[in-house]
Amino acid sequence: MSFQTDTIHAGVAPDKAYGAIMTPIYQSSTFVFEDIGKHRGFDYTRSGNPTRQALEDSLASLEGGSFAAAVTSGMAAITTVLHLFTTGDEIICTDDCYGGTARLLKTIQEHFGIKVHFEDLRNHERLESLINSRTRAVWIETPSNPLLNLVDIEAVSTCAKKHGLLSIVDNTFLSPYLQQPFRLGADIVVHSTTKYLNGHSDVIGGALLSCNPELDQKLKYLVNTLGTCAQPFDCWLVLRGIKTLVPRMKEHLYNAQGVAEFLAGHPKVKQVFYPGLASHPQHELARRQQRGFGAMVSFDLDGNIEDVNRVLKGTKLFALAESLGGVESLIEHPATMSHLSMGNEHRQAVGITDSVIRLSIGIEDRDDLIDDLRRALG
Ligand SMILES: *Cc1c(COP(=O)(O)O)cnc(C)c1O
């Protein structure tokens, strides 16, 4: 089946009890046994739940994985995966990753003695020189947040495989519609389903996926043991969001390309970060690795902090808010909002200056969005 058909049908079947076409919300913590040692597939919701199972089957199918777990947040997905590692292990991570991921990795480094190297993975030759006998995994986030740098998943995971390391990809920014890391050699995929997969800014959710039986079993064990599982109602909402993933993404892409081109031609904009522009240094990699260029657009404003604040407060359609991937457009300031937790030093090192503004492009009318930005830029 095509991806688009799978977004509607994978994992879901008419309900066995009454034939409801929409997966029911099984808001129950426990399930009655038919006999001693015999139940109908579910015994306790932390271990498994029919609504969550439908979402997990859908996600596994869309990513091309053999196992998926829906968890309470993107951070819960990352926390769960990090429990694969132990004191003394080393992880190499994209240096401009999501602020919360950087904070968590720094925390586990301090608390549990798992060493984390933050590196620019665009340079994958350098990767080889960082690997030693304690290295266990490479953590990839592409495109990165908020500067939209790309990592070549295939090149990095080939290198990881050669050294017996896991390659883990945070695929939140593109969704499985635009990028499928397992096809490029990744071992584990994580998502914040809060973003494009749900798409309506009304759920915090996450997912982790794998594609080999040994890892599947380990991750399944961890989700159940740690209790990071998502609630049935949240799963139902994400499942509902997934049904419109493809048409939403098409609108997101169309709008983002238009906004990026508008900004690139604006005199008050120093630089636009968007892989869909031919001027993006990794435009060719984006064409090869992704089905589309995504809908996050960042730009460096030619001005001081007052000018930045004027733009942030000047938009009417773009709401001043963190997060991304919803149907409505958002504007935010990484240095004081999404990437505050990264710390000033880390931000400066990766080039997230105080004049960088990040946009999450929604699915409103394209001309309305451009007009709104034109007015705010003045
Ligand atoms: C939002 C986000 C996360 C964290 O997800 P939550 O659902 O907020 O916990 C992780 N990675 C990326 C790339 C994100 O955008």
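Just so you know, these numbers come straight off a predicted model, no measurement behind them.

### Examining the pairing of strand β9 (residues 296–301)
Next, step 1: Counting buried positions over the 6 residues of β9 gives 6, a clear majority of the element.
Next, step 2: Burial along β9 is two-sided: the face carrying M296, S298 and D300 and the face carrying V297, F299 and L301 are both buried.
Next, step 3: One ladder, built from 4 bridges, connects strand β8 (residues 269–273) with β9; its direction is antiparallel. Directly across from F273, in β9, lies its bridge partner S298.
Next, step 4: In this sheet, strand β12 (residues 356–360) lies alongside β9 in antiparallel orientation, the contact comprising 5 bridges.

### Details of the packing of helix α10 (residues 245–264) against helix α14 (residues 366–377)
Next, step 1: Contact pair α10 / α14: the axes reach a minimum separation of 9 Å and the direction vectors enclose 30°. By the angle class used here, α10 and α14 are roughly parallel. The element α10 and its partner α14 pack so that their crossing is right-handed. Packed against α10, whose contacting residues are Y254, N255, Q257, G258, V259, F262 and L263, the element α14 presents R366, L369, I370, L373, R374 and L377 at the interface.
Next, step 2: Classifying every residue of the contact of α10 with α14 gives 8 nonpolar, 3 polar and 2 charged.

### Here's the deal with the sheet that holds β9
Next, step 1: The sheet built from 5 strands is open, its strands ordered β8-β9-β12-β11-β10 with mixed pairing. Only two strands of the sheet have a single neighbouring strand rather than two, namely β8 and β10 (319–320).
Next, step 2: Two strands pair when backbone bridges link them, and β10 and strand β11 (residues 330–332) are joined in this way by 2 bridges, in the parallel orientation. Paired with L320 across the bridge in β11 is I331.
Next, step 3: Each of β9, β10, β11 and β12 touches helix α12 (residues 305–314); the most contacted strand, β9, lies at about 145° to it.

### Re the packing of helix α2 (residues 50–63) against helix α9 (residues 232–242)
Any two packed helices are characterised by how steeply their axes cross, that is the angle between the axes, and by the distance between the axes.
Next, step 1: Relative to each other, α2 and α9 sit at 35°, their axes nearing to 8 Å. In this structure, the crossing between α2 and α9 has a hand that is left-handed. Judged by residue contacts, T51, R52, A54, L55, S58, L59 and L62 of α2 engage P232, C235, W236, V238, L239 and I242 from α9.
Next, step 2: Looking at the contact of α2 with α9 residue by residue, the class counts come to 10 nonpolar, 2 polar and 1 charged.

### Notes on the packing of aromatic side chains
Next, step 1: Inspection of the entire model under this criterion finds 3 aromatic pairs.
Next, step 2: Here F31 and F42 contribute two aromatic rings whose centre-to-centre distance is 5.9 Å and whose plane-to-plane angle is 40°, an arrangement assigned as tilted. Of this pair, F31 sits in the loop between α1 (3–9) and α2 while F42 sits in the loop between α1 and α2, and the two are 11 residues apart along the sequence. Each member of the pair, F31 together with F42, is buried.
Next, step 3: Residue placement shows R291 over the ring face of F3; its charged tip is 5.8 Å from the ring centre.
Next, step 4: Here the basic side chain of R366 rests over the ring of Y254, its NZ or CZ set 3.8 Å away from the ring centre.

### Here we look at the environment of I242
Next, step 1: The residue I242 is located in helix α9 in this model.
Next, step 2: Judged by relative accessible area, I242 falls into the buried class, the value being 0%.
Next, step 3: Here the alpha-carbon distance between I242 and S58, two residues 184 residues apart in the chain, equals 8.6 Å.
Next, step 4: Setting aside its immediate chain neighbours within four residues, I242 contacts T7, L55, S58, L59, L62, L197 and R248.

### Section: the pattern of salt bridges
Next, step 1: Under the definition given, this model contains 14 salt bridges.
Next, step 2: For D152, the salt bridge identified is with R288, shortest N-O distance 3.1 Å. One end of the pair, D152, is in the loop between β4 (135–141) and α6 (153–162); the other, R288, is in helix α11 (residues 283–289), with 136 residues separating them in the sequence.
Next, step 3: Between R358 and E332 there is a salt bridge, and its shortest N-O distance comes to 3.1 Å. With R358 in strand β12 and E332 in strand β11, this pair connects stretches of sequence that are 26 residues apart. The pair R358 / E332 is uniform in exposure class, with both members buried.

### Let's talk about the domain arrangement of the chain
Next, step 1: Entries for the chain in the domain assignment read domain 1 (3–242) and domain 2 (245–377).
Next, step 2: For domain 1 and domain 2, the distance between their C-alpha centres works out to 26 Å.
Next, step 3: Facing 43 residues of domain 1, the contacting portion of domain 2 comprises 40 residues.
Next, step 4: In this assembly, domain 1 packs against domain 2 so that about 3500 Å² is buried in total across both faces, 60% of it on carbon and sulfur atoms.
Next, step 5: Counting across the domain 1 and domain 2 interface gives 1 salt bridge.
Next, step 6: Counting across the domain 1 and domain 2 interface gives 20 residue pairs in polar contact (both at pLDDT 80 or more).
Next, step 7: Elements supplying a minimum of two residues to the side of domain 1 that touches domain 2: α1, α4 (99–112), α6, α7 (175–178) and α9.
Next, step 8: With 5 residues, the single largest contributor to the side of domain 1 that touches domain 2 is α4.
Next, step 9: Of the residues contributing to the side of domain 1 that touches domain 2, the split by class is 20 nonpolar, 15 polar and 8 charged.

Conventions we followed
- Residues numbered from 1 in each chain as written.
- Predicted model: local features only at pLDDT ≥ 70, side-chain atom pairs only at ≥ 80, totals over all residues.
- Heavy atoms only, no water.
- Buried < 20%, exposed > 50% of the residue type's maximum accessible area, 1.4 Å probe, protein only.
- Helix = DSSP H or I, 4+ residues; strand = E, 2+ residues; numbered from the N terminus.
- Pairing = 2+ DSSP bridges.
- Axes fitted to C-alpha atoms, helices over the stretch in contact; angles between N-to-C directions.
- Parallel < 35°, antiparallel > 145°, perpendicular 65-115°, else oblique.
- Left-handed = near helix turned anticlockwise from the far one by under 90°.
- Contact = heavy atoms within 4.5 Å.
- Nonpolar A, V, L, I, M, F, W, Y, C, P; charged D, E, K, R; others polar.
- Phe/Tyr/Trp six-rings, centres within 6.5 Å; stacked < 30°, edge-to-face > 60°.
- Lys NZ or Arg CZ within 6 Å of the ring centre and 35° of its normal.
- Salt bridge = Lys/Arg side-chain N within 4 Å of Asp/Glu carboxyl O.
- Domains from an automatic or database assignment.
- Buried area = accessible area lost by both parts, 1.4 Å probe.
- Polar contact = N/O pair within 3.5 Å; in protein donor to acceptor, adjacent residues only side chain to side chain.

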